[in-house]
Amino acid sequence: MSDLAIRAALTEMLGEISDIGTVHDFQRYENSAKAFRELFLVGDLIKGWYIARTAVSERSLVEGVNEEILTWDLRGYRSLVDDDQSEIIFAAQVDLVRAAIRADKTLKGTVITHEVDGRAGLQVERIHPVMFVGHLCHEAQCSLQTVRHIAVPEDPDEYDGFDHPIKVFVGQAPDVGQAHRDDYKDIQTGEAPPPLEDA
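Presented here is an overview of the structure given in this document.

Conventions adopted
- Residues numbered from 1 in each chain as written.
- Predicted model: local features only at pLDDT ≥ 70, side-chain atom pairs only at ≥ 80, totals over all residues.
- Heavy atoms only, no water.
- Phe/Tyr/Trp six-rings, centres within 6.5 Å; stacked < 30°, edge-to-face > 60°.
- Helix = DSSP H or I, 4+ residues; strand = E, 2+ residues; numbered from the N terminus.
- Buried < 20%, exposed > 50% of the residue type's maximum accessible area, 1.4 Å probe, protein only.
- Expected span 1.5 Å × (residues − 1).
- Arc of directions from axis to C-beta.
- Contact = heavy atoms within 4.5 Å.
- Core = buried A, V, L, I, M, F, W, Y, C linked by side-chain atoms within 4.5 Å.
- Patch = residues over 30% accessible without salt bridge, like charges linked within 9 Å, V, L, I, M, F, W, Y side chains within 5 Å.
- Areas by Shrake-Rupley, 256 points an atom, 1.4 Å probe, with all protein chains shown as cover.
- Salt bridge = Lys/Arg side-chain N within 4 Å of Asp/Glu carboxyl O.
- Polar contact = N/O pair within 3.5 Å; in protein donor to acceptor, adjacent residues only side chain to side chain.

1. Brief notes about the packing of aromatic side chains
One pass over the full model with this rule turns up 7 aromatic pairs. Between Phe40 and Phe132, the ring centres sit 5.1 Å apart and the planes meet at 80 degrees, which makes this aromatic pair edge-to-face. Highlighted residues: Phe40 in the loop between α2 (33-38) and β2 (41-42) and Phe132 in strand β7 (residues 123-132), separated in sequence by 92 residues. Phe40 sits in the buried class, given a relative accessible area of 1%.

2. Here we look at helix α3 (residues 86-102)
Taking 1.5 Å of rise per residue, the 17 residues of α3 would be expected to cover 24 Å, and the 24 Å separating its terminal C-alpha atoms lies within 8% of that figure. All of the buried residues along α3 are Ser86, Phe90, Gln93, Val94, Val97 and Ile101. Projected down its long axis, α3 carries its buried residues within an arc of 100 degrees, all on one side. Contacts from the buried residues of α3 go to α1 (3-15), β3 (45-62), β4 (65-79), β7 and β8 (135-151).

3. Description of the environment of Leu70
Here Leu70 lies in strand β4. The buried category is assigned to Leu70, whose relative accessible area is 0%. Separated by 78 residues in sequence, Leu70 and Arg148 have C-alpha atoms that sit 8.2 Å apart.

4. With respect to the nonpolar core
Among the nonpolar cores identified, the biggest contains 23 residues, and Trp49, Leu74, Val97, Ile101, Leu107 and Leu144 are the most heavily contacted of them. Sorting elements by how many residues they give to this core places α1 first, with 5 residues. Once you skip the residues sitting within four places of it in the chain, Leu107 turns out to touch Ile6, Ala9, Leu10, Met13, Ile101, His114, Leu144 and Thr146. Formed by 11 residues, the second largest nonpolar core is a distinct cluster that contains Phe36, Leu39, Ala52 and Val130.

5. Let's talk about a nonpolar patch on the surface
Taken together, the side chains of Leu80, Met131 and Leu136 present a nonpolar region at the surface, about 280 Å² in accessible area. In this structure, Leu136 sits in strand β8.

6. Let's talk about the side chain of Arg7
Along the chain, the position of Arg7 falls in helix α1. Its relative accessible area of 12% is what places Arg7 among the buried residues. At 3.5 Å, the side chain of Arg7 forms a polar contact with the backbone oxygen of Ile51. Sequence-distant contacts of Arg7, that is, excluding residues within four places in its chain, are made with Asp25, Phe26, Ile51, Ala52, Arg53 and Trp72.

7. Examining the pattern of salt bridges
Within the structure shown, the criterion is met by 12 salt bridges. The salt bridge involving Arg78 is made with Asp19; its shortest N-O contact spans 3.1 Å. Note that Arg78 is positioned in strand β4 and Asp19 in the loop between α1 and β1 (22-24), a separation of 59 residues in sequence. Judged by its relative accessible area of 8%, Arg78 falls in the buried class. Between Asp73 and Arg75 there is a salt bridge, and its shortest N-O distance comes to 3.0 Å. Residue Asp73 is classed as buried on the basis of its relative accessible area of 13%. Three or more residues are tied together by salt bridges with common partners; here these are Asp3, Arg7 and Arg53.

Following this line, the structure appears as structure tokens:
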């Protein structure tokens with residue numbers, strides 16, 4: 001499956017959690033501070049998450065098959081409201097995100113597993129207060145690693161860079177068991193976004 005399918009699966013899983021807010025399947029940005037704020041505004045509170053792919057590593061698994069490890073950044077935000085004990089509410093929501101991912105090792109069939117080198121599921125790196133889109137918010141910085149198997153063509157002339165997609169196996173490599181195949185292409189990144197401009 002493509003990384004778009006993984007993003008969609010994570011977005012759906014997070015979106016099923018009550019009162020989590022808006023879940024974006026990519027890192028959002030707007031030139032206008034007002035427009036950026038509205039991407040995460042629910043009522044008069046900031047509530048939302050985004051999902052971004054931050055790293056890729058690849059290693060040879062068996063002849064003709066490589067193992068690809070994708071690293072994901074999941075960021076969550078919620079307005080800090082002392083009277084509501086919002087830190088407790090937000091911590092509980094982060095635990096619900098962890099539980100949802102823990103319960104589905106294949107992320108709706110889009111990956112082989114999210115267990116890598118002894119680490120399993122969502123890793124919560126830090127929860128702390130930040131200023132986000134002009135609001136004092138709780139921020140959860142979380143990471144997730146997912147595993148896929150990629151078929152490597154025997155003839156290197158079978159593809160040339162971005163012009164030819166390579167096959168990705170979801171499930172186990174063909175030497176180990178049955179696999180499902182889908183096409184995958186790297187995404188070329190653009191330039192850094194300009195600074196925010198107040199509306």
